[in-house]
Structure formats: C-alpha cells, structure tokens
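# Breakdown of the fold
Spelled out from the first residue to the last, the chains are:
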Amino acid sequence: MNQFLKMISCAVLFVFLGCQTITQVDDPSNTYTPETTYQKLAADYPFITIARRDVPDSVVEIKNITYVRYGKRALQLDLYLPESSITHLKPGVVFVHGGGWRSGYRTNFTPMAIGLAQRGYVTATISYRLAGEAKYPAAIHDVKAAIRWLRSNAKKYGVNPQQIAVAGGSAGGQIASLTGVTNGLEKFDPQLHRSRISSDVQAIINIDGLSDFTSEAARLHEDDPRKNPSAAGFWFGGRYAEKTDLWHEASPTFYVNKNTPPILFLISAQPRFSVGHEEMIEKMKPFGIAYQVSKIPDSPHSFWLFDPWLQPSINIAEQFLNQQFKIRRSDSAR
C-alpha cells in the first residue's frame, strides 16, 4: 500500500467510523514526555535516542477517536491497524500511558503500539482522566470503557473479541494491571450494568508498574512525607494513613484469583517501580496462572520510550501475547 492509498484509506475510515477531533484537557503540570525524560536520562545514558513515532506503510493510523463521553468531556484514543486485509481476526491491545497518575500523553506509547501493529496486532493508545481532573478510580473506569469500545467495534476493525490485552507503563502499568485483575467487578466498571459488551481482558502487560501500594518498599517513595502530596497521594486524595483503604484497594496483588489473566511483568533495572510483582506471582502460582518476568538489563525507568530498548520490549511483548493467544509468529506477521 503506497502512501497515497494509505492516506485515502485513513480518510475514508475517519469519515465512515465517525472519528472526532477533541483535544486532551491541558494541564500545566503535564510534563511527562519522551523529550523531558530524555533530558533527565541523557547524562547517564548518552547512547539513547527517543523512539520514533513515524507510521510505516504497513500500518494504518486513525487518530482522535472518541471512545467514551462524560457529559461534554470526551476521551479519545489513537488506533493502529496492520496493513494486511482482514483474512483472520487479530488480537487487540489497549495501551495505558504513565506519568505518576497525573501527567503523560497517549502518544508516549505510540512507538510500541506501532511496533505491535507491525506484528499483526490491532493496538490502541488511550487518554484517560488524570488525577488533576478526576481522582482514583476514574482512570480504571476509563480504561475499561476503552476495552469495551474496542470489543464493541471488533468486527469493524478485525479484532478477535476473545483476545484483548491491556498494557501500560509506570503508573499506566499499575492501572493496566488493576484493570485486568478486576475483570467483572462493577465497582471498577460503571458501564457494566448497562452494557452487554464485556470489558474483560485475556492478558495483562505491566511495564514497570507497582503491584502493591501498601508495601513498605512502595510507601517509602509513594508516601514520602517530603512530597506534599506524593503522586500516589494526589491520586488517592490523601496519604496512606488517611486513605489506607484506597491504597489497599488499588493494589493489583489483592485481587489474584483462579480467573486472573496471564501477566507479563516487563521491568527495568530500577526495582522501586515494580514493587510487589514477586509477591503477586507467589499468589498466582497456586492457581496455575501463567506469568512471565522479563527484565531489561541496565535500563532506567521509562525505558520503553527510547532506543535501544524499544525493540527488545516489543519482542518480549509479542512473544508473550503470541504464547497466550496461541498465535504462531508467521500468523502474527500476516
């Protein structure tokens, strides 16, 4: 498909599918971008480059699709489709960006979403309500709404509705994990009682995100008294001592049960960010729940935003998803 045909295809899809252009709510504190992160990391990792967001001819990009509305507020996603014609249904992946629950942009996951789309996955990067707009658990509601939207439109986009994963990095990894382990719980899914379409996922990818807010190791940073408020404290609306129930409720580890989806823990060399994953795995083992831990050696937090770490991360994610969805590599590339 040449570039001209690709542009025409996107335009037709844009009109036919009712895509809308509504901008994300601006927040002056929203400074978590690859560019700002690069400035912090370049001295210690001078060889890194910001992962490119160029969309290759093998992928169709559809931007600014509204997936849920709250009154006049519209939340949007960007969709990435494999170029190949729909000869078989493809798995879907919903990506949740990080940023300490109060910053970040969905475009932070564009490079990884494009990479998996090149491997045959239908991927979506989503915006959600950050802590400055809506406190916990609003973000979980939003992610489940995005999953439901993708499943509702599965036929239109060639998605297998039985093969949808949720993935995220940093705070987005915690959000993605909590979204996945609370399959079917109405407390985290206000749309559940009025929709026949499920928001359940069949796999989770937690990239350097917390699994337990209540652990001493997590609270050392997330409940640091020198931070007023801390990122987590701002999201919960109070410190651990003030909102203990919420800090517990938002920890994915406490929801492990026989129906918990398989989980990939993709972690950096900075252990503070993935606190709780080892204990969570110990809870998963008696149920026989599939899991994988893959560490990117000598890497900083936010490694997925940069080369040379992006491609290894995509490879690991693809291999995990292919295994869970029983997809041969040749199939995922079609």
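Residues numbered from 1 in each chain as written. Predicted model: local features only at pLDDT ≥ 70, side-chain atom pairs only at ≥ 80, totals over all residues. Heavy atoms only, no water.

### Description of the pairing of strand E6 (residues 159–169)
- In terms of burial, E6 is a largely internal element, 9 of the 11 residues being buried.
- Pairing of strand E4 (residues 90–96) with E6 involves 6 bridges; the strand directions are parallel. In the sheet register, Gly-92 faces E6, and the bridge partner there is Ile-164.
- One ladder, built from 5 bridges, connects E6 with strand E7 (residues 203–207); its direction is parallel. Paired with Gly-169 across the two strands is Ile-207, which belongs to E7. (Buried < 20%, exposed > 50% of the residue type's maximum accessible area, 1.4 Å probe, protein only. Helix = DSSP H or I, 4+ residues; strand = E, 2+ residues; numbered from the N terminus. Pairing = 2+ DSSP bridges.)

### Some words on the environment of Tyr-70
- Tracing the backbone shows Tyr-70 in strand E2 (residues 59–70).
- With residues near it in sequence (within four places) discarded, Tyr-70 still touches Leu-75, Arg-129, His-141 and Asp-142.
- In terms of polar contacts, Tyr-70 uses its side chain to reach the side chain of Arg-129, at 3.3 Å.
- Of note is the side chain of Tyr-70, whose polar atom sits 2.6 Å from the side chain of Asp-142. (Contact = heavy atoms within 4.5 Å. Polar contact = N/O pair within 3.5 Å; in protein donor to acceptor, adjacent residues only side chain to side chain.)

### Thoughts on the sheet that holds strand E9 (residues 291–295)
- With mixed pairing, the 8 strands of this open sheet are ordered in space as E2-E3-E5-E4-E6-E7-E8-E9. The two strands at the open ends of the sheet, each matched to only one other strand, are E2 and E9. If you compare each strand with its neighbour and ignore which way they point, the axes differ by 20 degrees on average.
- Sheet analysis places strand E3 (residues 73–82) next to strand E5 (residues 122–126), joined by 4 bridges and oriented antiparallel. Counterpart to Tyr-80 in the pairing with E5 is Thr-123. (Axes fitted to C-alpha atoms, helices over the stretch in contact; angles between N-to-C directions.)

### Some thoughts on unusual backbone geometry
- Going from Tyr-136 to Pro-137, the amide bond is cis rather than trans, its omega being 5 degrees.
- Residue position: Pro-137 is located in the loop between E5 and helix H4 (138–152).
- Residue Asp-307 is joined to Pro-308 through a cis peptide bond whose omega torsion reads 20 degrees.
- With respect to the element layout, Pro-308 can be found in the loop between strand E10 (306–307) and helix H11 (310–324).
- Here Trp-101, not a glycine, exhibits a phi torsion of approximately 70 degrees, which is positive.
- Within the element layout of this structure, Trp-101 appears in the loop between E4 and helix H3 (110–118).
- Overall, the relative accessible area of 5% leaves Trp-101 in the buried class.
- Phi at Asp-208 is positive, roughly 55 degrees, even though this residue is not glycine.

### Describing the nonpolar core
- Counting residues in hydrophobic clusters, the biggest one holds 59 residues, and the most contacted among them are Tyr-67, Leu-79, Trp-101, Ile-175, Phe-213 and Trp-235.
- Top contributing element to this core by residue count: H4, with 8 residues.
- Grouped together as the second largest cluster of nonpolar side chains are 37 residues, Leu-41, Phe-95, Met-112 and Trp-309 included. (Core = buried A, V, L, I, M, F, W, Y, C linked by side-chain atoms within 4.5 Å.)

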